[in-house]
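# Chains, contacts and geometry: an overview
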Amino acid sequence: MDGEEQSVVVELIIALVKIALVVAVIMVLVPFLVWGERKYVADVQVRIGPNRVGPFGLLQSLADGIKLMFKEDILPGHVDRVLYFLAPIVMMIPALCVMAVIPFGNQITLFGHTTRLVVTDLPVGILYVLALTSLGVYGVVLAGWASNNKYSLLGGLRSSAQMVSYELPMGLAIVAALMISSAKGGEMSLVSIVEAQKDGFWNWNFLWWGIGFLPFLMYWICGIAETNRAPFDLPEAETELVAGYHTEYSGMKFALFFLAEYANMLNVGAIATTLFCGGWHSPIPIEILPKSMGLLKALGPVFWFSVKVGFFIWAYYHLRATLPRLRYDRLMGFAWKGLVPLALVNILIVATIITLGYREKPVPPSTSQRPASQAVGMAGQPGPGGF
Amino acid sequence: MNVANLGFFLVAGLSIVSAGFVIFHPNPVRSALFLVVNFICLAILYLTLNAQLLAALQVIVYAGAIMVLFLFVIMLLNLGGERAREDALAGQKFAGGFLALVVLGALSVGLYQVVSAKETRPVTDAWRLEQMRFQAPPGKEGEVQIAQIGSELFRNYLYPFELTSVLLLVGLIGAVLLAKRRLPEQSQPEGQRRDRP
Amino acid sequence: MDPLNAFLIVSAGLFSVGVFGVLTRRNAVAILMSIELMLNAANLNLIAFARFGDPTVLAGQVFAIFVLTVAAAEAAVGLAIVLCVYRNIRHINVDDLHILKW
């Protein structure tokens with residue numbers, strides 16, 4: 001085995017370890033997120049919430065998970081078998097795959113190998129995220145159709161319309177974020193977007209010229225709608241549709257839907273953090289902190305990333321606890337008549353500010369000239385093996 | 001046959017097989033799902049062709065939006081399976097098959113003349129193991145290329161680009177008008193309004 | 001086999017399948033899906049030519065983007081027509097649509 005091959009093998013092992021780590025963290029985290037949500041909502045509603053299994057009821061979700069695992073695997077007689085089995089899987093896979101491009105920390109060096117805390121940093125990372133989130137809707141639609149049940153079908157119909165409608169303003173909000181980021185020297189890969197927001201919270205994209213807050217808020221609203229969470233949880237509105245698209249599901253298949261929902265929440269939080277809130281950067285640059293605050297200095301990038309994602313998870317809980325569900329026509333009207341025009345206007349404003357001379361870094365030379373060497377090199381090489 | 005070719009033939013074969021299922025499956029929902037599989041195969045082929053932007057757009061626009069629209073309509077109209085109706089046009093399948101074969105034949109004849117004239121090269125380099133990179137590719141080819149396509153769109157193709165946006169607007173208005181229910185004044189009074197049977 | 005030709009053959013196959021679908025299916029939605037297949041076959045050709053042709057010309061990819069947009073508009077309008085037809089005759093079998101009036 002020569003050096004070249006050896007380094008490929010080492011890279012492969014590192015990548016596998018990172019993938020395993022990310023998946024494991026999600027799987028372990030979800031039961032506690034569910035517990036946290038139940039406790040928080042209970043607190044808001046002046047109840048106690050789960051408190052029997054383990055200290056503070058911490059192990060309640062674990063117990064629920066074990067129960068779901070050992071439950072009888074019921075297959076209703078009237079379902080479309082293949083699609084019924086496929087739906088939870090289709091829901092779960094994109095939710096896990098999105099995590100692959102999210103940078104959750106800076107470079108670290110372990111056993112002499114320096115690696116970034118991101119499974120893979122694609123040059124078209126944000127497009128990859130958009131593509132996968134747009135595939136997530138199939139899980140819901142298929143579940144609704146395969147269940148062969150009017151409540152499920154209505155849930156599936158609602159979610160297909162809702163998710164497509166909210167994808168649009170979400171994409172436009174991301175476009176604005178990318179424009180802001182590129183004005184700071186970022187590119188389309190998520191790592192470069194994070195790195196463009198270094199040196200303190202005043203450089204974070206959501207504070208950019210006072211206008212960055214708009215796409216941030218829009219992304220967040222659309223993210224809630226994309227994950228089918230309250231107040232946009234029409235596809236599973238229990239007061240009208242029993243349980244919506246997962247009415248006919250039980251046991252592990254239901255658990256997969258549940259896992260996917262929480263994984264998607266984590267995704268939306270992580271992407272909002274990455275695009276708008278500086279990713280793994282600490283709010284105040286570590287270098288200018290006074291010596292006495294050694295504890296804050298010691299906390300690593302992973303901590304800051306987790307804190308920010310945790311904030312978004314809390315916001316999910318709080319919105320669910322405090323807001324009533326929207327009516328369906330209001331939901332669609334909000335997306336098409338409210339968010340889409342607003343997002344377009346927002347892009348216009350951001351573009352105007354950038355054009356009128358806001359630049360922190362010199363703009364790369366115009367690509368229309370296309371230096372021959374660069375263009376030929378680009379096309380001569382095969383596509384990047386990632387993706 | 002090396003790994004590169006094998007990967008290509010797998011994906012290409014899957015895309016054609018799924019296209020066949022789109023055509024032959026009687027259940028429209030399954031047809032639509034096979035079409036999604038076909039689109040994803042094509043997106044993978046685009047990646048091997050160094051067209052990352054198009055691959056992503058293929059998934060976002062086709063699989064994520066257009067096919068969801070198709071599924072929405074199929075589910076809304078509850079087109080579970082095609083009803084068994086007598087064939088209004090006798091021999092339509094035969095004639096259609098024949099014409100499709102004619103198209104395929106014409107295309108293959110044209111292709112054969114080109115193929116027989118060229119020497120061989122591996123199908124594409126992108127499948128080679130050495131190209132696997134788990135870190136950021138050093139050249140950031142995808143990035144450069146997207147910027148190039150963008151500047152191309154907004155410089156050389158600005159006029160068609162703007163025309164396309166007009167086309168989309170027209171399509172939007174047309175779709176709304178067509179799919180809209182009848183206006184209240186044209187139909188029965190409010191409260192008992194319903195579609196014509 | 002030349003790489004470009006491999007893609008062209010796949011594209012030809014997809015296009016023929018699409019033609020067959022358009023000619024034989026009677027479900028309007030299935031016909032629209034067959035048209036999408038044909039558009040995609042054309043797109044594959046465009047991108048293959050962009051890759052193996054002159055590397056400094058990205059016209060193939062740009063054109064593929066236009067095809068994508070047109071396909072989106074076509075799907076929206078086509079499905080709206082399907083909905084409209086369904087409202088009037090309660091099915092979407094195109095063989096019964098030969099009168100063009102009600």
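Quick caveat: nothing in here was measured; it's all calculated off a predicted structure.

### Section: the overall build of chain B
- A count of helices and strands for chain B gives 6 helices and 0 strands.
- In chain B, the order of α-helices and β-strands from amino to carboxyl end is α-α-α-α-α-α.
- Across the 197 residues that make up chain B, the buried fraction comes to 37%.
- Long-range pairs, those at least 24 residues apart, make up 62% of the contacts in chain B with a sequence separation of at least 6.

### Looking at the overall build of chain C
- The number of helices and strands found in chain C is 3 helices and 0 strands.
- Each helix and strand of chain C, ordered N terminal to C terminal, gives the series α-α-α.
- Against the globule reference of 13 Å for 102 residues, chain C gives a C-alpha radius of gyration of 17 Å, more extended than a compact globule.
- Dimensions of chain C along its principal axes, counting C-alpha atoms only, are 55 × 25 × 15 Å.
- Within chain C, buried positions represent 57% of all 102 residues.
- Considering only residue pairs separated by 6 or more positions, chain C has 50% of its internal contacts joining residues 24 or more positions apart.

### Quick notes on the interface of chain B and chain C
- Opposite the 69 residues of chain B that make contact, chain C presents 58 residues.
- If you list the elements that add at least two residues to the side of chain B that touches chain C, you get α1 (3–24), α2 (28–48), α3 (52–77), α4 (92–115), α5 (141–155) and α6 (158–179) of chain B.
- Element by element, the count of residues in the side of chain B that touches chain C is highest for α4 of chain B, at 13 residues.
- Taken together, the residues of the side of chain B that touches chain C break down into 46 nonpolar, 15 polar and 8 charged.

### Some thoughts on the packing of helix α3 (residues 81–98) of chain A against helix α10 (residues 251–276) of chain A
All names here are of chain A.
- Between α3 and α10, the least distance of the axes is 9 Å, while the angle of their chain directions is 25 degrees. In terms of orientation, α3 lies roughly parallel with respect to α10. In terms of crossing hand, the pair formed by α3 and α10 is left-handed. Each of Pro88, Met91, Met92, Ala95, Leu96 and Val98 in α3 lies in contact with α10, whose residues at this interface are Lys253, Leu256, Phe257, Leu259, Ala260, Ala263, Asn264 and Asn267.
- In terms of residue class, the contact of α3 with α10 is built from 11 nonpolar, 2 polar and 1 charged.

### Some thoughts on the nonpolar core
- Judged by nonpolar contacts, the single largest core of 192 residues is most densely connected at Tyr219 of chain A, Ala56 and Phe70 of chain B together with Val29 of chain C.
- It is α3 of chain B that provides the largest number of residues to this core, a total of 20 residues.
- Domain assignment of the residues forming this core places at least three in each of domain 1 (1–81) and domain 2 (120–181) of chain B.
- When near neighbours in sequence (up to four residues on either side) are disregarded, Ala56 of chain B contacts Val124, Leu127, Tyr128, Leu130 and Ala131 of chain A.

### Observations concerning α3 of chain A
- Of all the bends in α3 of chain A, the greatest, near 30 degrees, is centred on Ala87 of chain A, and the proline Pro88 of chain A appears no more than four residues after it.
- Those residues of α3 of chain A hidden inside the fold are in contact with α4 (125–135), α5 (137–146) and α10 of chain A.

### Brief notes about unusual backbone geometry
Residue and element names in this part refer to chain A.
- In this structure, Val46 is a non-glycine residue whose phi angle is positive, near 50 degrees.
- Among the secondary structure elements, Val46 is positioned in the loop between α1 (3–44) and α2 (60–70).
- Its identity as a non-glycine residue notwithstanding, Asn228 has a phi of 60 degrees, on the positive side.
- Note that Asn228 resides in the loop between α8 (213–226) and α9 (238–241).

### Examining the confidence of the model for chain C
- In this model, chain C carries a mean pLDDT of 83, and residues with pLDDT of at least 70 account for 91%.
- Within chain C, no element has a lower average pLDDT than helix α1 (residues 3–24) of chain C, which sits at 84, and none a higher one than helix α2 (residues 28–52) of chain C, at 88.

### Details of the confidence of the model for chain B
Residues and elements named next belong to chain B.
- On average, residues of chain B score 74 in pLDDT, and 69% of them reach the 70 mark or higher.
- Here α5 is the element of chain B with the lowest mean pLDDT, 73, and α6 is the one with the highest, 89.
- A low-confidence stretch, residues 120–140 stays under pLDDT 50, and its non-local contacts, those more than four residues away or across chains, total 53 contacts.

### Let's talk about the environment of Val46 of chain A
- Owing to 6 C-beta atoms within 10 Å, Val46 of chain A belongs among the exposed residues under this scheme.
- Distance from Val46 of chain A to Leu132 of chain A, taken between C-alpha atoms, is 39 Å for residues 86 residues apart in sequence.

### Thoughts on the packing of α3 of chain B against helix α3 (residues 59–89) of chain C
- Between α3 of chain B and α3 of chain C, the least distance of the axes is 11 Å, while the angle of their chain directions is 5 degrees. On the basis of the axis angle, α3 of chain B is roughly parallel to α3 of chain C. Where α3 of chain B abuts α3 of chain C, its residues Leu54, Leu57, Val61, Ala65, Ile66, Leu69, Phe70, Val73 and Leu77 of chain B lie against Gln61, Ala64, Ile65, Leu68, Ala71, Ala72, Ala75, Ala76, Leu79, Val82, Leu83 and Tyr86 of chain C.
- Its residues assigned to classes, the contact of α3 of chain B with α3 of chain C comprises 20 nonpolar, 1 polar and no charged.

How each quantity is defined
Residues numbered from 1 in each chain as written. Chains lettered and ligands numbered in written order. Predicted model: local features only at pLDDT ≥ 70, side-chain atom pairs only at ≥ 80, totals over all residues. Helix = DSSP H or I, 4+ residues; strand = E, 2+ residues; numbered from the N terminus. Buried ≥ 20, exposed ≤ 12 C-beta atoms within 10 Å, placed from the backbone. Contact = placed C-beta atoms within 7 Å. Rg over C-alpha atoms; globule rule 2.2 N^0.38 Å. Nonpolar A, V, L, I, M, F, W, Y, C, P; charged D, E, K, R; others polar. Axes fitted to C-alpha atoms, helices over the stretch in contact; angles between N-to-C directions. Parallel < 35°, antiparallel > 145°, perpendicular 65-115°, else oblique. Left-handed = near helix turned anticlockwise from the far one by under 90°. Core = buried A, V, L, I, M, F, W, Y, C linked by C-beta atoms within 7 Å. Domains from an automatic or database assignment. Bend = angle between axes of the 7 residues up to and from the residue. pLDDT = per-residue confidence, 0-100.

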